[in-house]
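# An overview of the molecular structure
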Amino acid sequence: MEPSDFIWMNGDFVAWDEAKVHVLTHGLHYGTGVFEGIRAYETDRGTAIFRHTEHLDRLAKSAELYYMPMPFGREQLRAATHELITRNDLQSCYIRPLVFRGYGTMGLFPLDATVDVAIAVWEWGAYLGDEGKRAGIRAKVSSWRRISPAGLIPHAKASGQYLNSVLAKEETAKAGYDESILLDQRGFVCEGSGENIFVVRDGALLTPPHTAAILDGITRKSVIQIAGDLGYPVVERDIARAELYLAEEVFLTGTAAELVPVREIDDHELGAPGEITRAIQAKFEDALHGRAQEYAEWLDVVIERSKVTS
Ligand code: PPE
């Protein structure tokens, strides 16, 4: 991670090194936070944030699912993010808003604890490596199952829930693979440690449904739209583990990872990225970088303050 100059905290722009919390912050002990991962890209229209509104909506929904009142409205957070990117002089970046239970209350009852909000932006390269994006990655099915809706809320992007992803990531990294794939509590394919998953079989795209305990990925939604527009059938249905090995193509989608082909799963060779993966990846990259007119509305162009006031 490349430090930038400023972080936005509870309404103020503070120096990167000054963005601190107390060690008794509630969220640090109990994972009581919700967050987002968003990316901004350089485009012809200027720096543009991909599907910013959808990410802020999901942040608000995650907070609501944990009964956490949002101290700032979506429009305030949107404007703060624009100004933060401009102040940090970034042309492209990763954006991390975090809403968390703050300092002053200990114990599991959180409803009286303060809620703090921070937004950080920094330059972040290819999450699973440039080579991974180009040539595909090696994945392994984790022995850890994805959190069940019986015990947590897969639809919420909540800090504490990520211990599940961390365990899966640790296990597969130690075994020498690039990424882990988690099955859901029933044993069907769910998602990567930080990505949704798509499987190509007989020329159609399959992806697990909401009932498979997935995070409702914004990249997933975008890819479903793009695939449909390109004429590929998309089916949301349960996927058996062996279908991963029998697939023609498999790829992962996420904000940090973007669209990453999978070339090997559990030592079954799938081969170099296939035609459908390539076609969707190319269109998706065009959408991110403002080269696809039909998806122009997905971009929230950062208006520089100097341009607003002049
Ligand atoms: N599943 C999980 C568990 C997940 O964390 C992400 C995003 C996705 C699916 C894809 O969702 P979306 O980004 O809306 O398409 N993971 C974020 C965090 C990564 C991290 O290491 O931190 C991300 O990609 O920003």
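For the structure itself, look to the data block above.
Residues numbered from 1 in each chain as written. Predicted model: local features only at pLDDT ≥ 70, side-chain atom pairs only at ≥ 80, totals over all residues. Heavy atoms only, no water.

Here the focus is the overall build of the protein chain. Within the protein chain, the regular secondary structure consists of nine helices and 17 strands. In terms of C-alpha radius of gyration, the protein chain reaches 20 Å, essentially the compact-globule figure of 19 Å for 310 residues. For the protein chain, the spread of C-alpha atoms along the principal axes amounts to about 50 × 50 × 30 Å. In the protein chain, which comprises 310 residues, the share counted as buried stands at 51%. Looking at the protein chain alone, contacts between residues at least 24 apart form 70% of all its contacts between residues at least 6 apart. (Helix = DSSP H or I, 4+ residues; strand = E, 2+ residues; numbered from the N terminus. Rg over C-alpha atoms; globule rule 2.2 N^0.38 Å. Buried < 20%, exposed > 50% of the residue type's maximum accessible area, 1.4 Å probe, protein only. Contact = heavy atoms within 4.5 Å.)

A separate point is the pattern of salt bridges. This structure, assessed with the given rule, holds 22 salt bridges. With a closest N to O distance of 2.6 Å, arginine 78 and aspartate 300 form a salt bridge. Residue arginine 78 is found in helix α3 (residues 74-87), and its partner aspartate 300 is found in strand β17 (residues 299-301); the two are separated by 222 residues along the sequence. By relative accessible area, which is 26% here, arginine 78 ends up partly exposed. Judged by relative accessible area, which is 12%, aspartate 300 ranks as buried. One salt bridge in this structure joins aspartate 267 and arginine 138, with 3.7 Å as the shortest N-O distance. Here aspartate 267 is found in the loop between β15 (258-265) and β16 (268-269), whereas its partner arginine 138 is found in strand β8 (residues 137-141), with 129 residues between them in sequence. One network of salt bridges, with partners in common, ties together Arg39, Lys133, Glu258 and Glu285. (Salt bridge = Lys/Arg side-chain N within 4 Å of Asp/Glu carboxyl O.)

Let us look at helix α6 (residues 218-229). With twelve residues, α6 extends 17 Å between its outermost C-alpha atoms, agreeing within 8% with the 16 Å of an ideal straight helix rising 1.5 Å per residue. Considered for burial, the residues of α6 that qualify are Ile218, Thr219, Arg220, Ser222, Val223, Ile226 and Ala227. Among the residues trailing α6, glycine 231 stands out with phi positive, at a value near 95°. (Expected span 1.5 Å × (residues − 1).)

If you look at the biggest cluster of nonpolar residues, it comprises 25 residues, and the most contacted ones within it are Trp8, Leu77, Ile85 and Ile95. Sorting the residues of this core by element identifies β4 (38-43), α2 (52-65), α3, β6 (93-101) and β7 (115-122) as the ones contributing at least two each. Residues Phe251, Ile276, Ala287 and Leu288 belong to the second largest nonpolar core, which totals 21 residues. (Core = buried A, V, L, I, M, F, W, Y, C linked by side-chain atoms within 4.5 Å.)

To continue, consider the site of the ligand. Near the ligand, the surroundings consist of 21 residues, among which Tyr94, Tyr127, Tyr162, Thr219 and Thr255 are the closest. A distance of 2.8 Å separates an oxygen atom of the ligand from a polar atom in the side chain of arginine 58. Within the side chain of tyrosine 127, a nitrogen or oxygen atom sits 2.4 Å from an oxygen atom of the ligand. Against a free-state accessible area of 550 Å², the protein chains account for coverage of 93% of the ligand. Classifying every residue of the shell around the ligand gives six nonpolar, nine polar and six charged. (Near = heavy atom within 4 Å. Polar contact = N/O pair within 3.5 Å; in protein donor to acceptor, adjacent residues only side chain to side chain. Areas by Shrake-Rupley, 256 points an atom, 1.4 Å probe, with all protein chains shown as cover. Nonpolar A, V, L, I, M, F, W, Y, C, P; charged D, E, K, R; others polar.)

Quick look at the packing of aromatic side chains now. Tallied over the entire structure, the rule returns ten aromatic pairs. Clustering of aromatic rings is evident, with ring pairs tying together Phe50, Phe284, Tyr295 and Trp298. Positioned above the aromatic ring of phenylalanine 13, the side-chain terminus of arginine 87 is 4.1 Å from the ring centre. (Phe/Tyr/Trp six-rings, centres within 6.5 Å; stacked < 30°, edge-to-face > 60°. Lys NZ or Arg CZ within 6 Å of the ring centre and 35° of its normal.)

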